[in-house]
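Fold and contact review
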Amino acid sequence: MPTRSSRPSEPSQQATDQDKLSIILANIQDGVVMIDRKGFVQMANAEWQALFETPTSPVKHKIFASTLRQHNVDFDIELDTVLESVFQGQRAMSYLRIADTNRHIQVSFGPITTGDKVTGAVAIARDITPLIDKTVEANEMAAKAQRHLRELSQLAELSAIVGFNVENIYHKYIAKVGSLIESPSVSIYLYDPATQTLHRRQATNPRAEDLDRLELGSSHPVAGAFATRGAIQQNNLPQEPAVLALPITHHSKALGALLVSRPDAAYTEHDVRLLKLVATRLAVLVENASLYHDANNRRERWEAVFRFTEEGIIIFDQKGTIVGFNPASTQITGYHAGDAIGKPFAKIIKTVGPDAANAGLLPLEQVLRTGTTITKSEQLIENRTGSRIWTEISYSPIFDDAGHVTSGIAIVRNTTKDREVEEIKSDFISIVSHELRTPLTAIKGFLSMTLKQDFGELSAKQYHYLSRVYQSNQRMIDLVEDLMDATYIESGKINLTIAPVAMDAVMSEVVAELAAKGAANQVMINVHRRQRLPLVLADETRLHQIILNLIDNAIKYSMAASEVDVHFKIQGDNLLTTISDHGVGINKSQLDRLFTKFGRIYNPLSVQAGGTGLGLYIVKNLVESHGGRIWATSVEGKGSKFHFTIPIAKQLPLTL
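Residues numbered from 1 in each chain as written. Predicted model: local features only at pLDDT ≥ 70, side-chain atom pairs only at ≥ 80, totals over all residues. Heavy atoms only, no water.

**Describing the overall build of the protein**
Filter applied, for reference: Helix and strand definitions follow DSSP, with helices as H or I runs of at least four residues and strands as E runs of at least two, each counted in order from the N terminus. To sort residues, take the accessible area from a 1.4 Å probe on protein chains only and compare it with the maximum for the residue type: under 20% means buried, over 50% means exposed, and anything in between is partly exposed. Residue contacts are defined here by distance: any two heavy atoms, one from each residue, within 4.5 Å place the two residues in contact.
Per the secondary structure count, the protein includes 20 helices and 25 strands. Looking at the protein residue by residue over its 656 residues, the buried ones come to 39%. Taking contacts inside the protein between residues at least 6 apart in sequence as the whole, the part at least 24 apart equals 54%.

**What about the packing of aromatic side chains?**
Geometry of an aromatic ring pair is reported as the spacing of the ring centres plus the angle between the planes. Under the convention used in this document: Side-chain rings of Phe, Tyr and Trp (the six-membered ring for Trp) are treated as a pair once their centres are within 6.5 Å; stacked means planes under 30 degrees apart, edge-to-face means over 60, and tilted covers the remaining angles.
Counted under the stated rule, the structure contains 8 aromatic pairs. Ring geometry for Phe52 versus Phe64: centroids 5.3 Å apart, planes at 70°, classification edge-to-face. Remark: Phe64 occurs in the loop between helix H2 (46-51) and helix H3 (65-70) and Phe52 occurs in the loop between H2 and H3; sequence separation between them is 12 residues. Here the two residues Phe52 and Phe64 agree in accessibility, since each one is buried.

**Observations regarding the pattern of salt bridges**
Stated formally: Any Lys or Arg side-chain nitrogen found within 4 Å of a carboxyl oxygen on Asp or Glu counts as a salt bridge.
Applying the stated criterion to the full structure yields 15 salt bridges. Across the pair Glu53 and Arg103 runs a salt bridge whose closest N-O atoms are separated by 3.3 Å. With Glu53 in the loop between H2 and H3 and Arg103 in strand E5 (residues 103-114), this residue pair connects regions lying 50 residues apart in the sequence. In this structure Glu53 comes out as partly exposed when scored by relative accessible area, which is 35%. Overall, Arg103 belongs to the buried group, its relative accessible area being 13%. A salt bridge links Arg207 to Asp210, with the shortest nitrogen-to-oxygen separation between them at 3.0 Å. For Arg207, a relative accessible area of 17% puts it in the buried group. Three or more residues joined by partner-sharing salt bridges are found here, namely Glu53, Arg103 and Asp127.

**What to know about unusual backbone geometry**
Within the chain, Asn102 stands out as a residue other than glycine whose phi angle is a positive 50°. By secondary structure assignment, the location of Asn102 is in the loop between strand E4 (92-98) and E5. Its identity is not glycine, yet Gln522 carries a phi of approximately 60°, on the positive side. Tracing the backbone shows Gln522 in the loop between helix H17 (503-520) and strand E20 (523-527).

**So, the pairing of strand E13 (residues 312-317)**
In summary, the side chains of a regular strand alternate between the two faces of the sheet. The test is simple: In short, DSSP must find at least two bridges between two strands for them to pair.
Only one face of E13 is buried: it carries Gly312, Ile314 and Phe316, and the other face, with Ile313, Ile315 and Asp317, is open. Between E13 and strand E14 (residues 322-325), which pair antiparallel one after the other, the connecting turn spans 4 residues, and Gly320 there sits at a positive phi close to 85°.

**Side note on the sheet that holds E5**
We apply this condition: The convention used is that axes are lines fitted to C-alpha atoms, helices contributing only their stretch in contact, and that angles between N-to-C directions extend from 0 to 180 degrees.
If you walk across this open sheet you meet the 6 strands as E2-E1-E6-E5-E4-E3, and the pairing is antiparallel. Only two strands of the sheet have a single partner each, and these edge strands are strand E2 (41-44) and strand E3 (73-75). Across the sheet, the mean angle separating the axes of adjacent strands is 25° when strand polarity is ignored. Pairing of strand E1 (residues 31-36) with E2, which is carried by 3 bridges, proceeds in the antiparallel orientation. Across the sheet, Met34 pairs through a bridge with Met43, a residue of E2. Contacts from helix H4 (residues 79-87) reach E1, E4, E5 and strand E6 (117-127), with the element oriented near 30° to E5.

**So, a nonpolar patch on the surface**
Stated formally: Patch building starts from residues that exceed 30% relative accessible area and form no salt bridge, then joins like charges within 9 Å and nonpolar side chains (Val, Leu, Ile, Met, Phe, Trp, Tyr) within 5 Å. In short, Shrake-Rupley with a 1.4 Å probe defines the accessible areas, and a residue's cover is counted only from the protein chains shown.
A contiguous nonpolar patch, built from Phe446, Met449 and Phe455 and spanning about 330 Å² of accessible area, is present on the exposed surface. Within the secondary structure, Met449 sits in helix H15 (residues 416-451). Since its relative accessible area comes to 33%, Met449 is described here as partly exposed.

**Some words on the packing of helix H18 (residues 540-556) against helix H20 (residues 615-625)**
Worth spelling out the cut-off: Should an angle lie under 35 degrees it is considered roughly parallel, over 145 roughly antiparallel, and from 65 to 115 roughly perpendicular; all remaining angles are considered oblique. Crossing handedness: left-handed means the near helix sits turned counterclockwise from the far one by under a right angle, and right-handed means the same turn made clockwise. As a working rule, the residues Ala, Val, Leu, Ile, Met, Phe, Trp, Tyr, Cys and Pro are called nonpolar, Asp, Glu, Lys and Arg charged, and the rest polar, with Gly in that last group.
Remark: H18 packs on H20, axes separated minimally by 10 Å, with the N-to-C direction vectors making an angle of 140°. By the criterion of interaxial angle, the relationship of H18 to H20 is oblique. As H18 packs across H20, the resulting crossing turns out to be left-handed. Facing H18, whose interface residues are Arg542, Gln545, Ile546, Asn549, Leu550 and Asn553, H20 presents Gly615, Leu616, Ile618, Val619, Leu622 and Val623. Of the residues contributing to the contact of H18 with H20, the split by class is 7 nonpolar, 4 polar and 1 charged.

**Let's talk about the nonpolar core**
Note the following rule: Among buried residues, those of type Ala, Val, Leu, Ile, Met, Phe, Trp, Tyr and Cys that are joined through side-chain atoms within 4.5 Å constitute a nonpolar core.
Counting 43 residues, the largest nonpolar core has Leu543, Ile547, Leu550, Ile551, Leu594, Phe642 and Phe644 as its most contacted members. Looking at this core element by element, the count peaks at 7 residues for H18. In terms of nonpolar packing, the next biggest core, distinct from the first, is built from 32 residues, Leu246, Tyr267, Leu274 and Leu282 among them.

**Remarks on the side chain of Arg542**
Mapping Arg542 onto the fold places it in helix H18. Residue contacts for Arg542: discarding those within four places in its chain leaves Asp485, Ile494, Leu496, Leu622 and His626.

**A closer look at the sheet that holds strand E24 (residues 630-635)**
Taken together, the 5 strands give an open sheet; going across it, the order is E20-E22-E23-E25-E24, and neighbouring strands pair in mixed fashion. If you trace the sheet from one side to the other, it starts and ends with E20 and E24, each paired once. Averaged over all neighbouring strand pairs, the angle between strand axes comes to 15°, with direction disregarded. Inspection of the sheet shows E24 paired to strand E25 (residues 639-647) by 6 bridges, in the antiparallel sense. Across the sheet, residue Ile630 finds its bridge partner in E25, namely Phe644. In the packing of H18 onto the sheet, contacts are made with E20, strand E22 (562-571), strand E23 (574-580), E24 and E25, and the angle to E25 comes to roughly 170°.

**A look at the packing of H17 against H18**
At a closest axis distance of 9 Å, the pairing of H17 and H18 adopts a crossing angle of 35°. Handedness of the crossing formed by H17 with H18: right-handed. Contact residues: H17 offers Met503, Val506, Met507, Glu509, Val510, Glu513, Leu514, Lys517 and Gly518, while H18 offers Glu540, Leu543, His544, Ile547, Leu548, Ile551, Asp552, Ile555 and Lys556. Of the residues that constitute the contact of H17 with H18, the class distribution is 10 nonpolar, 2 polar and 6 charged.

**Overview of the environment of Pro184**
Take Pro184: it is sitting in the loop between helix H6 (166-180) and strand E7 (185-192). The spatial distance from the C-alpha of Pro184 to the C-alpha of Ile174 is 9.8 Å, given a sequence separation of 10 residues.

Have a look at this one:
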């Protein structure tokens, strides 16, 4: 027969539960309170009291009563609404902000039931201020990155504005500058030597004091910027709009000034730098347009010819004899129609360069014999006076009703000025890139020293964010290097030091350099060699750049736990290298865009991979500069292969 002590009494069981609850409340890191149906606190742990900074215990008081007396508290949901929901048996969550200390607290409510009856509630509070602060910081960084991306895009659009119609150029610049600098009022002033005043050529929403003409000695910011060749700001008074004026200068010549104004915020140093870039580019366009129009004014006949067409039209018969010659052709070649008609095509369009005697004739024969169309064939020709002109000539056959070729037509376009404009644009990008590279390299150096803790210890948080800044700075340096390479390629300024190079050694260097990145992406790099590779004729630095770019791309576009394979094959006098990945592949319709400038493909990994779209463009030009060829093959869903050839260095026989 059991004793009375073998079964605990009900009060003893309650005491045990109470002890367990006390232990839980004493050890839990969150603030916890238990309230009755009237909202009065029945039990609270020390963490609750510390969390809400209440000097006295909240027990037997309304929940949050002490906090509301001492602090300015904002609830996302009315407290009564939350409690009403909880006492109906539902769980609820509320967020509150203690305004005077700027702390954010998350409170979870749950009902306490006895049988089927809700007898009270439990509330668990947690300080989420660090999480909120990190979220706000991340949002601010994202907004800053988005703003910089927008600025780069708009600067690129500004650099793409070309032409000699100054009014059209000013109109486009006004619109772009207003958006870039966030200024509703933008004006372009140019110096008028005839009146020795600054004349407003184009404007949007000019202020009353921004007169159509300004005297050089006036107190207006435009006159000050023009005279001092520096930025002039007026934003000292809180009720007055912010004003910024910068000179438009080309070399040492002052052409005018750019004026912006906005009512709500002063201009920053960043705004000044942006506007300087805009003014520099605008100065080039203004100067070029001025020179162009001066030349046009001196040559009325040239102006009359281009009133109808800018392109020369030459018609030739089946024998290649000229039978039609328009005024634009006269302007390009220097030959009048009477002199050209009846003469062989090659006697009028004199091609300069290797195989000059046949260069102009070959396209002509191809059109007449096969009926094919040749578009935009770039040729350097010599006109009647001996001057050399870059042209773009398109050839097309003319058919009779039976489909036979009876004659042909050549459209000749003078591209000399286009080349000059492209060179100016490339120089602009090159200048900006050079100007960016110096501070970026300095930033990288100081960041590296800071991360190595040369200036003192860093906290984990400081190290984390400085590492992200370092990575972003490195991406900017890579972008600048790509832009400079692209500029050098377009200008033909890339110099190669061709010599016999060991492909084995270069490949080993690249694999070692990318091993860590491959491991981080769970991608194995496999180099397959059946025998020792022959020496190739290449610039070692540029060959390293070619291979590094292709294998790096393969890693970026590979799935995790996959491989990148490198194979070699001797094809005649060339070494064929094939780099294969096992990624998502490339759609056939996008293969043609791979090697174009700023050409990017779109697939599930392209957003994650990032990039500027310049890498493969640079690689293609470098391979072709070595006398090689590059192409790609791909199967969607299975991966891609990039193939390129480099000439093999032939071993010369020994001479005694």
